[in-house]
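Okay, here's what each chain looks like letter by letter:
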Amino acid sequence: FARMFVQVCLYFYCKCLWRCLKFVVRKLTGRCELQRICYNTKPGAARTMKIGNCKRLQTSVSVHPDAIEKTIDDIMELKRINPDINPQLGVSLQACLLQIVGYRNLIAEVEKLRREPYDSENPQHEEMLLKLWKCLKPNSPLKARISKQWCEIGFQGDDPKTDFRGMGLLGLYNLVYFAEWDTEVAQQVLSDSLHPKYSQFSKAEWEKKKFDKAIGYSFAIVGINITDLAYNLLVSGALKTHFYNVAPEAPTLTHFQQTFCYLMHEFHKFWIEEDPLDIMEFNRVREKFHKRILKQLQNPEMALCPHFAASESLINM
């Protein structure tokens with residue numbers, strides 16, 4: 001009986017009191033809920049997430065990007081908002097909807113790459129793989145397509161194609177982007193990863209040699225694993241906070257790849273801070289790192305890699 005009473009009260013509140021409250025607030029302020037959100041909340045994740053939760057816009061988040069402008073016009077007409085008096089409202093709503101729709105489309109694009117297997121018969125796939133080698137090892141020519149040399153950049157065997165099974169082309173795309181656009185950091189991370197901890201030396205000998213960045217892990221394999229982490233953050237919706245703060249409109253695959261670069265760099269530092277005994281502790285360290293990133297993303301003002309943000313124009317939206 002008590003549960004039924006609570007449900008009835010909640011139903012009454014949601015259907016009656018809440019609507020009455022919104023009506024009173026609109027009469028007092030002269031603004032509807034959308035106006036209050038756009039005028040009282042600064043651009044970015046805080047505003048876009050509130051807009052996304054508005055019931056009036058629930059059906060609008062599935063429209064095609066080309067139809068967003070018309071959707072905004074229809075909403076303003078329905079809410080009896082004069083666009084000439086409120087010109088900034090349409091711009092703000094459009095930016096929010098582009099972010100929401102863009103995030104959904106980005107998931108689809110990333111998923112498509114993840115599902116596409118690496119094909120050694122595809123010249124484009126092979127060209128990307130060779131580009132990865134050239135970016136990471138510019139002074140060491142690859143002697144053969146099937147070669148033990150691939151282990152030097154962290155693949156498990158003679159042919160890297162077998163290592164892309166879990167993340168498909170997405171893993172290769174991310175690694176190539178990291179190596180091509182953040183080359184100095186990528187090469188440094190690779191160099192550090194080639195030093196197995198203490199190796200054949202005793203701890204005292206190792207410290208004497210001052211190898212203070214000795215970590216010992218497979219660069220490419222870890223890159224594919226961090227791709228999996230980034231993918232799960234994206235699909236779960238955790239990356240909305242970050243993307244809504246760094247992308248003034250629709251987040252793109254480039255934003256996702258830039259985020260991967262950040263995660264690779266941060267995981268590298270985190271691994272050194274954790275000081276694991278060996279690679280067998282990888283899953284423990286990865287899970288701890290994952291929890292740290294999730295905690296950071298709970299902050300609506302969080303931008304994981306703000307230096308990538310094209311957010312100057314956000315201020316005026």
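The written sequence of each chain sets the order in which its residues are numbered from 1. Local features in a predicted model are, by the rule used here, given only for residues with pLDDT of at least 70; side-chain atom pairs are given and counted only at 80 or more, and totals for whole chains, interfaces and linings are based on all residues. Working from all heavy atoms in the structure, the side-chain values ignore hydrogens and water.

Draft legend 1. Geometry of the overall build of the protein chain. Regarding its fold elements, the protein chain presents 13 helices and 0 strands. Split into buried and exposed, the 317 residues of the protein chain put 44% on the buried side. Residues are treated as being in contact if the distance between any of their heavy atoms lies within 4.5 Å. For the protein chain, long-range pairs separated by at least 24 residues make up 66% of all intrachain contacts whose partners lie at least 6 apart in sequence. When the accessible surface of the protein chain is summed, it comes to about 17,900 Å², and 55% of that surface belongs to carbon and sulfur atoms. The helix and strand labels rest on DSSP assignments: H or I over at least four residues marks a helix, E over at least two residues marks a strand, and numbering proceeds from the N terminus. Each residue is assigned to one of three classes by its accessible area relative to the maximum for its type, calculated with a 1.4 Å probe on protein chains only: buried under 20%, partly exposed between the two thresholds, exposed over 50%. Throughout, the Shrake-Rupley method with a 1.4 Å probe supplies accessible areas, and for residues the shown protein chains are the sole cover considered.

Draft legend 2. Examining the packing of aromatic side chains more closely. The rule is short: rings of Phe, Tyr and Trp, with Trp giving its six-membered ring, pair when the centres are within 6.5 Å, and they are stacked under 30 degrees, edge-to-face over 60, tilted in between. The final tally for this structure, using the stated rule, is 15 aromatic pairs. Look at Tyr 103 and Tyr 244: their rings are 6.1 Å apart centre to centre, the planes differ by 65°, and that puts the pair in the edge-to-face class. Residue Tyr 103 is found in helix H5 (residues 87–115), and its partner Tyr 244 is found in helix H11 (residues 240–246); the two are separated by 141 residues along the sequence. Since its relative accessible area comes to 2%, Tyr 103 is described here as buried.

Draft legend 3. Structural detail: the confidence of the model for the protein chain. On average, the protein chain scores 83 in pLDDT, and the residues at 70 or more come to 79%. This model gives residues 309–317 a pLDDT under 50, and the stretch forms 18 contacts once residues within four places in sequence are excluded. Per-residue confidence from the predictor is reported as pLDDT, a score between 0 and 100.

Draft legend 4. Quick peek at the packing of H5 against helix H7 (residues 168–181). Helix axes are fitted only over the stretch in contact, all axes being lines through C-alpha atoms; the angle between N-to-C directions runs from 0 to 180 degrees. Where H5 contacts H7, the two axes come as close as 3 Å, and the packing angle between them is 105°. Comparing the axis directions of H5 and H7 gives the class roughly perpendicular. Contact with H5, carried on its side by Val 110, Leu 113 and Arg 114, involves Gly 168, Leu 169, Leu 170 and Tyr 173 of H7 and no other residues of that element. Classification convention: Asp, Glu, Lys, Arg as charged; Ala, Val, Leu, Ile, Met, Phe, Trp, Tyr, Cys, Pro as nonpolar; all other residues, Gly among them, as polar. For the contact of H5 with H7, the class distribution of residues is 5 nonpolar, 1 polar and 1 charged. The cut-offs work like this: below 35 degrees is roughly parallel, past 145 is roughly antiparallel, 65 to 115 is roughly perpendicular, and the gaps in between are oblique.

Draft legend 5. Local environment of helix H6 (residues 123–136). The span one expects for a helix is its residue count, reduced by one, times 1.5 Å. With 14 residues, H6 should cover 20 Å at 1.5 Å per step; its first-to-last C-alpha distance of 20 Å lies within 8% of that length. Burial in H6 covers these residues: His 125, Glu 126, Met 128, Leu 129, Leu 132, Trp 133, Cys 135 and Leu 136. Turning to H6, the residues buried within the fold contact H7, helix H8 (183–193) and helix H10 (219–236). Here a polar contact means two N or O atoms within 3.5 Å. Within protein one must be a hydrogen donor candidate and the other an acceptor candidate, and residues neighboring in sequence count only if both atoms are side-chain atoms. Capping the start of H6 is the job of one residue whose side-chain oxygen sits 2.9 Å from the backbone nitrogen of Gln 124: Asn 122.

Draft legend 6. Spotlight on the side chain of Glu 281. With respect to the secondary-structure elements, Glu 281 resides in the loop between helix H12 (253–274) and helix H13 (282–297). There is a polar contact of 2.7 Å between the side chain of Glu 281 and the backbone nitrogen of Leu 277. Not counting chain neighbours up to four residues away, the residues in contact with Glu 281 comprise Trp 271 and Pro 276.

Draft legend 7. Region of the structure containing the nonpolar core. Remark: nonpolar core denotes a set of buried residues (Ala, Val, Leu, Ile, Met, Phe, Trp, Tyr, Cys) joined through side-chain atoms within 4.5 Å. Core analysis: the biggest nonpolar cluster contains 64 residues, and Leu 132, Leu 172, Phe 256 and Leu 263 have the highest contact counts within it. If you list the elements that add at least two residues to this core, you get H5, H6, H7, H8, H10, H11, H12 and H13. Counting the residues that make up this core, at least three belong to each of domain 2 (31–114) and domain 3 (120–298). In contact with Phe 256, other than residues within four places in its own chain, are Leu 106, Val 110, Leu 170, Asn 174, Ala 230, Tyr 231, Leu 234 and Phe 243. Counting 17 residues, the second-largest nonpolar core is a separate cluster that includes Cys 38, Ile 68, Ile 72 and Ile 81. Boundaries of every domain are those given by an automatic assignment or by a domain database.

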